[in-house]
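# Commentary on secondary and tertiary structure
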Amino acid sequence: MEQKNGSSFTGFILLGFSDRPQLELVLFVVLLIFYLFTLLGNTTIIALSHLDPHLQTPMYFFLSNLSFLDLCYTTSTVPQLLVHLRGADKSISFGGCVAQMFVSLGLGSTECILLGVMAFDRYAAICRPLHYTVVMHPRLCALMASASWVIGFANSLLQTVLTFLVPRCGRNKIDHFLCEVPPLLKLACVDTTANESELFFVSVFILFIPVALITVSYGRIVRAVLRIKSSAGQRKAFGTCGSHITVVSLFYGTAIYAYLQPSNNYSQDQGKFVSLFYTIVTPMVNPIIYTLRNKDVTGAMKKVLCRGHDSR
């Protein structure tokens, strides 16, 4: 690994997986394949949501927002990780590190809130079907999506500023493959208990308010579905929520592990692989989950493919 002159270099060294050189080539190939599938899958969801009139509904408006988020999230971290896996230089500039943390944390926070909004959309569709188009008005959908982005990036701004204000006394080797809050706080040369407490409570706010909304929404959905006498009707109602519940479980499970466990229990190796999971695996499987479990999406895909074939 190429070293930097400490007197002139003001950035950071992302150690990543440099202690396991035999693993770097394997990770490079796997992550490159996953990244390409992530780009393909999420771009397909966005394109179908705009091309098929049947998918121009609140549910698919939010789903296309989620796909755009996932595209941006993986692109904010994975290309640089791929470069570092195949090169000796593992450095990142100070500004690059700040920008990476701000963007990736902002997108992750936005996704937390957006998943809660999507749960409310499912509640309105199943529990208030006759008033669904009135409740989920396009202006309200746009407002809720915009609020998710604004709150997500406001949280990121606060956490990024608090993290980079901590004195590091020249320490610049980050035992991670990206600029993230927990490994950066480990570089501090002062007691970070107060900082960790502040960041913990901010994370709790961003994570658990959407979780509360999801829990309440699905609690009412379950009660509404159980009142349906037809078993076919129950399966159809639960089927429209199954994809969202799966995505929520994957995203929140890894986010809670990464950000809400005590720092003295934080394992860097485990943290790296958990970060790999929510950085590349979750964004890749989201389109698969929504496509395989959704007849509307698969039907729209067949129509677009048939239209393209007929045009030849």
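Position labels on residues start from 1 in each chain and follow its written sequence. With the structure being a predicted model, the display of local features is reserved for residues of pLDDT at least 70 and the display and counting of side-chain atom pairs for 80 or more, all residues being used for whole-chain, interface and lining totals. Calculated side-chain values reflect all of the structure's heavy atoms, with hydrogen atoms and water omitted.

If you check an unreviewed UniProt entry, the chain appears there as Olfactory receptor from Ursus americanus. Per UniProt, the comment on the chain under Function (unreviewed entry) is "Putative odorant or sperm cell receptor." UniProt positions are given in the numbering used here, feature names are shortened, and annotations may be inferred rather than shown by experiment.

With that settled, the discussion passes to the overall build of the chain. Secondary structure elements are taken from DSSP: a helix is a run of H or I of four residues or more, a strand is a run of E of two residues or more, and numbering for both begins at the N terminus. Each helix and strand in the chain was counted, giving 11 helices and 3 strands. Order of helices (α) and strands (β) in the chain, N terminus to C terminus: β-α-α-α-β-α-α-α-β-α-α-α-α-α. What you see for the chain is a C-alpha radius of gyration of 21 Å, in line with the 20 Å of a compact globule of 312 residues. Taken over the C-alpha atoms alone, the chain extends approximately 70 × 50 × 30 Å along its principal axes. Relative accessibility thresholds used throughout: buried, under 20% of the residue-type maximum; exposed, over 50%; partly exposed, between the two (1.4 Å probe, protein chains only). For the chain, with 312 residues in total, the buried portion stands at 48%. Within the chain, residue pairs in contact and separated by at least 24 positions form 80% of the contacts whose partners lie at least 6 positions apart. Here Asp and Glu are counted as negative and Lys and Arg as positive; His is not counted, and neither are the chain ends. Charged side chains are reduced to one point each, which is NZ for Lys, CZ for Arg, CG for Asp and CD for Glu. Averaging the positions of the 24 positive and the 16 negative side-chain charges in the chain gives two centres separated by 13 Å. Values of the radius of gyration come from C-alpha atoms, whereas the globule rule sets the reference at 2.2 Å times the count of residues to the power 0.38. Only heavy atoms enter the contact rule, under which two residues are in contact if any of them lie within 4.5 Å.

All right, on to a nonpolar patch on the surface then. The grouping of Leu25, Val29, Ile33, Phe37 and Leu40 at the surface amounts to a nonpolar patch, some 470 Å² of accessible area in total. Summarising the element assignment, phenylalanine 37 is placed in helix H1 (residues 21-51). Residues enter patches when their relative accessible area tops 30% and they take part in no salt bridge; the joining distance is 9 Å for like charges and 5 Å for the nonpolar side chains Val, Leu, Ile, Met, Phe, Trp and Tyr. Only the protein chains shown count as cover for residues, with accessible areas throughout obtained via the Shrake-Rupley method and a probe of 1.4 Å. Throughout this description, the term salt bridge denotes a Lys or Arg side-chain nitrogen within 4 Å of a carboxyl oxygen of Asp or Glu.

A few words on the environment of isoleucine 206. Position of isoleucine 206 among the secondary structure elements: in helix H8 (residues 193-226). Taking the C-alpha atoms as reference points, isoleucine 206 and glutamate 111, 95 residues apart in sequence, are found 10.0 Å from one another. When sequence neighbours within four positions are dropped, the list of residues in contact with isoleucine 206 reads Ser109, Cys112, Ile113, Ile151 and Asn155.

Right, let's get into the UniProt feature "transmembrane region" (unreviewed entry) in the chain. UniProt's entry tags residues 25-48, 60-78, 98-120, 140-158, 199-216, 237-260 and 272-292 with the feature "transmembrane region" (unreviewed entry), counted in the numbering of this structure. With 89% helix and 0% strand, residues 60-78 has its two end C-alpha atoms placed 26 Å apart. Annotated as residues 237-260, this span is 96% helix and 0% strand, and its ends, taken at the C-alpha atoms, are 33 Å apart.

Attention now goes to the state of the cysteines. Any covalent bond linking the sulfur atoms of two cysteines counts as a disulfide. Two cysteine sulfur atoms form a disulfide, by the criterion used here, when they sit within 2.5 Å. Tallying each qualifying case throughout the model produces 2 disulfides. The disulfide bridge from cysteine 97 ends at cysteine 179, spanning 2.0 Å between sulfur atoms. Taking the torsion about the S-S bond as the criterion, the cysteine 97 to cysteine 179 disulfide, at about -125 degrees, is left-handed. Of this pair, cysteine 97 sits in helix H4 (residues 94-127) while cysteine 179 sits in the loop between strand S3 (173-174) and helix H7 (181-185); the two residues are 82 residues apart in sequence, bridging distant segments of the chain. No difference in accessibility class separates cysteine 97 from cysteine 179, as the two residues are buried. What pairs with cysteine 169 in a disulfide is cysteine 189, and their sulfur atoms sit 1.9 Å apart. Looking along the S-S bond of the cysteine 169-cysteine 189 disulfide, the torsion reads about 60 degrees, which is the right-handed sense.

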